[in-house]
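Coordinates in review
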Amino acid sequence: MHSETGIIRSFNPMNNTGLITCDLGGDISFTAANVMTQGQPSSGSLVEFIMDDSSNKLQAVKIRFI
């Protein structure tokens, strides 16, 4: 697995889920539990992450703010 970068498009603090718009195109979902750095995700934040396709759906993991 290799690192990707993108921008947090949206985050819903009520259910702790959001979407990241990848620099390579497309959106990928994430949960707040996968954010490795301190602070709550917010729209417009630049992040680095790994795409995990081990389950049935693609998800961002090991997310950190850059």
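Everything that follows concerns the structure shown earlier in this document.
So, a few notes on the structure that sits alongside this text. (Residues numbered from 1 in each chain as written. Predicted model: local features only at pLDDT ≥ 70, side-chain atom pairs only at ≥ 80, totals over all residues. Heavy atoms only, no water.)

1. Remarks on a nonpolar patch on the surface
- Where nonpolar side chains cluster on the molecular surface, the patch consists of Ile7, Leu46 and Ile66 and spans about 240 Å² of accessible area.
- Within the secondary structure, Leu46 sits in strand β4 (residues 46-52). (Patch = residues over 30% accessible without salt bridge, like charges linked within 9 Å, V, L, I, M, F, W, Y side chains within 5 Å. Areas by Shrake-Rupley, 256 points an atom, 1.4 Å probe, with all protein chains shown as cover. Salt bridge = Lys/Arg side-chain N within 4 Å of Asp/Glu carboxyl O. Helix = DSSP H or I, 4+ residues; strand = E, 2+ residues; numbered from the N terminus.)

2. Here we look at the nonpolar core
- Counting residues in hydrophobic clusters, the biggest one holds 11 residues: Ile8, Phe11, Ile20, Cys22, Ile28, Phe30, Val35, Val47, Phe49, Ala60 and Ile63.
- Sorting the residues of this core by element identifies β1 (3-12), β2 (17-22), β3 (27-31), β4 and β5 (59-65) as the ones contributing at least two each.
- If we skip the residues at most four places from it in the chain, Ile20 touches Gly6, Ile7, Ile8, Arg9, Gly26, Asp27, Ile28, Phe30, Val47, Phe49, Ala60 and Ile63. (Core = buried A, V, L, I, M, F, W, Y, C linked by side-chain atoms within 4.5 Å. Buried < 20%, exposed > 50% of the residue type's maximum accessible area, 1.4 Å probe, protein only. Contact = heavy atoms within 4.5 Å.)

3. Focus on the pattern of salt bridges
- For the coordinates displayed, the defined rule picks out two salt bridges.
- Residue Asp27 is joined to Arg9 by a salt bridge in which the shortest nitrogen-to-oxygen separation is 2.8 Å. Highlighted residues: Asp27 in strand β3 and Arg9 in strand β1, separated in sequence by 18 residues.
- Of the residues examined, Asp27 reaches a relative accessible area of 39% and is grouped as partly exposed.
- Notably, a salt bridge pairs Glu48 with Arg64, separated by 2.6 Å at the nearest N-O pair. With a gap of 16 residues between them, Glu48 in strand β4 and Arg64 in strand β5 connect regions that are remote in the sequence.

4. Topic: the pairing of β4
- Here five bridges tie β1 to β4, and the two strands are oriented antiparallel to one another. Directly across from Glu4, in β4, lies its bridge partner Phe49.
- As paired elements, β4 and β5 share five bridges and run antiparallel to each other. Each bridged residue has a counterpart across the sheet, and for Val47 the counterpart in β5 is Phe65.
- Adjacent in sequence and paired antiparallel, β4 and β5 are bridged by six residues. (Pairing = 2+ DSSP bridges.)

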